[in-house]
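# Reading the structure
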Amino acid sequence: QPPLPDYQGEVSARYAILDPPIEAHPEIHPQPSPQAGEGSKPRRDKLAVPHTAVGVEARGGCLHVFLPPLRSLEHALDLIATVERTAAALGLPVALEGYAPPSDGRLEKLLVTPDPGVIEVNIHPARSWDELEGATVALYEEARLSRLGTEKFMLDGRHTGTGGGNHVTLGGPTAADSPFLRRPDLLQSLLTYWQHHPSLSYLFCGLFMGPTSQAPRVDEGRPEALYELEIAFGQVPSGGTDQPWLVDRLFRNLLTDLTGNTHRAEFCIDKLYSPDSAAGRQGLLEFRAFEMPPHARMSLAQMLLLRALVARFWAQPYQKPLVRWGTRLHDKWMLPHYLWQDLKEVLVDLADAGYPFDPEWFAPFLEFRFPRYGGVRVGDLELELRAAIEPWLVLGEEVTRQGTARFVDSSVERLQIKVTGMTDGRYLVACNGRRVPLRATGTEGEYVAGVRYRAWQPPSALHPTIGVHSPLVVDLVDTWNQRAAAGCTYQVAHPGGRNYEHFPVNAYEAEARRHIRFQDWGHSAGVYSPPPWVDALARFAEDTSRLGPMTPPAEELPGESPCTLDLRRPR
């Protein structure tokens, strides 16, 4: 072993190595020429000359060892062990860089990759729940000790994930052991169940969701995909199969985004059994619609829910017809009330199958994804404002100094208005002078609706001529006395016009910024004058002798969003 160079100063050296020995590879071993006779000398191929080397350089107070590309895992491990022993004997700090060891199924890799705005960490697979719990808790703790966060706060106090995602990958030790290749009906069950329960897609997602996001649903923005998916379901065999390529052939062209990208889908099968390369045939299914939660226990709750659903559908496949949600997908299922009720139905299904879950385990997700802005109470009546989901759409291409870019329209926001204890026919709710289409939830005196509004006006956005609707004045109108009995005001920005210069330092400051934008006063004064179309609804309700917050059936309401008032649309 050649001696290391003097460690004083900035020096470097290169040592040639043979990988592997010439005798180990026939293609570089000296071979006789076919045209030569028996007495001819063997011809040495030029590949016999070693072209790999170890680079050693003292830089920044540390000895950096640049590893060359190697073909065999054993040779890579021997080289690393040699460097480790040498560093231990000399007492020198060593940093390994260069080429990673060759791919091998015996290796467990933990990859730390810099990504725009985040540091992406791909942990090694876990073979049991104890391994998964230990790795997740350790990862969160190491991030905290490194002064890294698993959450972030917007200037207005919105509490979100990091934006890098908390993608979950399921599979087996080998591709042959993958449950999705052994049982194609398992993937069919998961796809169908997710399509039936939008809460699994939207309750755990991030801010950027919708048909142009990085993890759109199979029925989001592509209504024709459900028809083709039903045909593919008819080709899925029941039970096991000896054709591992079947799953990829059936679903590869359906589990994509609007552009046909298979990687940007809620169910990503890029590494299930791709025909492109061996790296894509690992039997892995990736769930991409999970945002990074702020606590390790919340992340483990997600993993436990996925494991229970896989176990349930392995024992009993879920084969039901697909639902055509239509506009309800981005109307009803954008409101936290319906998402929470839908998740509780999922937990009831799991409990009936022998996997009991407590809904309180997922209550932090409701408060994290849909924070409560505030509420007012008048007697038995209570009006609550809570954040809701709003899809962001990708805009057209624009030429900037950095090149061609495509922005997303994040200027529109949505909130949920929920009223409890309301008397039928007496009260209605108005927002900025327009009636909110409240819908009964099934609980006596409880009604829910959504409000879409322009929160701010960036240079690039849809409908640039529509101004900002802030502040939102919400009135609880007493139609019997024709006045607003109570109300509240919600500001998109600081009510005093303050412009924050720094992001919140923690969740408490973020919560304070959210609460200061809600005021439990400011409703409309004087006699309430409803718009003309309210009188039309009154005439419609004369047959039932009910006037006020009780809305007609959904099919009788104009527009495509019966649960939501869009302030951008004309009256």
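Our subject is the structure that appears above.
These notes cover the structure that comes with them. Each chain has its residues counted from 1, following the order in which its sequence is written. Residues qualify for local features only when their pLDDT is at least 70, as the model is predicted, and side-chain atom pairs are given and counted only at 80 or more; totals for whole chains, interfaces and linings, by contrast, use all residues. To obtain the side-chain values, all non-hydrogen atoms of the structure were used and water was disregarded.

### Observations concerning the overall build of the chain
- Looking only at helices and strands, one finds twelve helices and 24 strands in the chain.
- Looking at the chain residue by residue over its 571 residues, the buried ones come to 44%.
- Throughout, a contact is declared for two residues whenever any of their heavy atoms are within 4.5 Å. Taking as baseline every contact in the chain between residues at least 6 positions apart, the subset at least 24 positions apart corresponds to 67%.
- Summing over all exposed atoms, the chain offers an accessible surface of approximately 30,400 Å²; the carbon and sulfur share of this is 53%. To qualify as a helix, a DSSP run of H or I must reach at least 4 residues; to qualify as a strand, a run of E must reach at least 2; elements of each kind are numbered from the N terminus. Think of it in three bands: residues with accessible area under 20% of the maximum for their type are buried, residues over 50% are exposed, and the middle band is partly exposed, with areas taken using a 1.4 Å probe on protein chains only. Every accessible area reported is derived by Shrake-Rupley at a probe size of 1.4 Å, with residue values counting cover from the shown protein chains alone.

### Quick look at the environment of Val468
- Mapping Val468 onto the fold places it in the loop between strand 20 (447-454) and strand 21 (472-478).
- Sequence spacing of Val468 and Val492 is 24 residues, and the spatial spacing of their C-alpha atoms is 9.5 Å.
- Contacts of Val468, omitting those with residues within four sequence positions, involve Arg454, Ala455, Trp456 and Gln457.

### Here's the deal with a nonpolar patch on the surface
- Here a patch means residues that are over 30% exposed by relative accessible area and free of salt bridges, tied together within 9 Å if like-charged and within 5 Å if nonpolar (Val, Leu, Ile, Met, Phe, Trp, Tyr). By definition, a salt bridge exists where a carboxyl oxygen of Asp or Glu is found within 4 Å of a side-chain nitrogen of Lys or Arg. On the surface, Leu110, Val112, Ile119, Ile123 and Leu148 cluster together into a nonpolar patch covering about 430 Å² of accessible area.
- In this fold, Ile119 is placed in strand 6 (residues 118-122).
- The partly exposed category is assigned to Ile119, whose relative accessible area is 48%.

### A short note on the sheet that holds strand 22 (residues 483-490)
- Reading across from one edge, 18-17-21-22-23 is the order of the five strands in this open sheet, with antiparallel pairing throughout. The open sheet has two edge strands, strand 18 (434-435) and strand 23 (518-519), and neither has a second partner.
- Between any two strands, at least two bridges found by DSSP are needed for them to pair. Here seven bridges tie strand 21 to strand 22, and the two strands are oriented antiparallel to one another. What sits directly across from Val473, in strand 22, is Thr489.

### A word on the packing of helix 4 (residues 184-196) against helix 8 (residues 296-315)
- Here an axis means a line fitted to C-alpha atoms, over the contact stretch when the element is a helix, while the angle between two N-to-C directions is reported on a 0 to 180 degree scale. As a packed pair, helix 4 and helix 8 sit with axes 9 Å apart at the nearest point and diverge in direction by 120°. Taken together, helix 4 and helix 8 sit at an angle that is classed as oblique. Here the hand of the crossing between helix 4 and helix 8 comes out right-handed. For the pair formed by helix 4 and helix 8, the contact residues are Leu186, Ser189, Leu190, Tyr193 and Trp194 on the first element and Leu306, Leu309, Val310, Arg312, Phe313 and Trp314 on the second.
- Amino acids are sorted into nonpolar (Ala, Val, Leu, Ile, Met, Phe, Trp, Tyr, Cys and Pro), charged (Asp, Glu, Lys and Arg) and polar (every other residue, Gly among them). Of the residues assigned to the contact of helix 4 with helix 8, the class counts are nine nonpolar, one polar and one charged. In this scheme, roughly parallel covers angles under 35 degrees and roughly antiparallel covers those over 145, while 65 to 115 is roughly perpendicular and the rest are oblique. Working rule for handedness: look at the near helix, and if it is turned counterclockwise from the far one by less than a right angle, call the crossing left-handed; if clockwise, right-handed.

### Overview of the pairing of strand 16 (residues 412-420)
- Among the nine residues in strand 16, eight count as buried, and that is most of the element.
- By the bridge criterion, six bridges tie strand 13 (residues 381-387) to strand 16 in an arrangement that is antiparallel. Residue pairing for strand 16: Arg386 is matched across the bridge by Gln416.
- Bridge analysis of strand 16 against strand 20 gives eight bridges, and the strand direction is antiparallel. Paired with Val419 across the two strands is Tyr447, which belongs to strand 20.

### Comments concerning the pattern of salt bridges
- A full pass over the atoms with the stated rule returns 26 salt bridges.
- With its nearest N and O atoms 2.9 Å apart, the salt bridge here joins Asp185 to Arg183. Each member of the pair, Asp185 as well as Arg183, carries the same accessibility label: buried.
- Across the salt bridge formed by Glu230 and Arg324, the nearest N and O atoms sit 2.7 Å from each other. With Glu230 in helix 6 (residues 224-233) and Arg324 in the loop between helix 8 and helix 9 (336-352), the pair connects residues that are 94 residues apart, well separated along the chain.
- Judged by relative accessible area, which is 32%, Glu230 ranks as partly exposed.
- Overlapping salt bridges, with partners in common, bring together Glu367, Arg372, Arg377, Glu382, Glu384 and Arg386 in one network.

### Things to note about the sheet that holds strand 10 (residues 267-268)
- Pairing in this open sheet of three strands is antiparallel, and the strands run 9-11-10 from one edge to the other. The outermost strands of the open sheet, each flanked by one partner alone, are strand 9 (168-170) and strand 10.
- Note that strand 10 and strand 11 (residues 285-287) share two bridges and pair antiparallel. When the sheet's bridge partners are listed, Phe267 is paired in strand 11 with Phe287.

### A few points about the environment of Met209
- Tracing the sequence through the fold places Met209 in the loop between helix 5 (199-202) and helix 6.
- Once the C-alpha coordinates of Met209 and Glu390 are considered, the two residues, 181 residues apart in sequence, prove to be 7.8 Å apart.
- The contacts of Met209, once residues within four sequence positions are left out, are Tyr202, Glu220, Met334, Arg369, Ile389, Glu390, Pro391 and Trp392.

### What about unusual backbone geometry?
- Here the residue pair Ser470 and Pro471 is connected by a cis peptide bond, since its omega of 0° sits within 30 degrees of zero.
- For Pro471, the location among the structural elements is in the loop between strand 20 and strand 21.
- Of note in this structure, His463 is not a glycine but carries a positive phi near 50°.
- Following the sequence through the fold, His463 ends up in the loop between strand 20 and strand 21.

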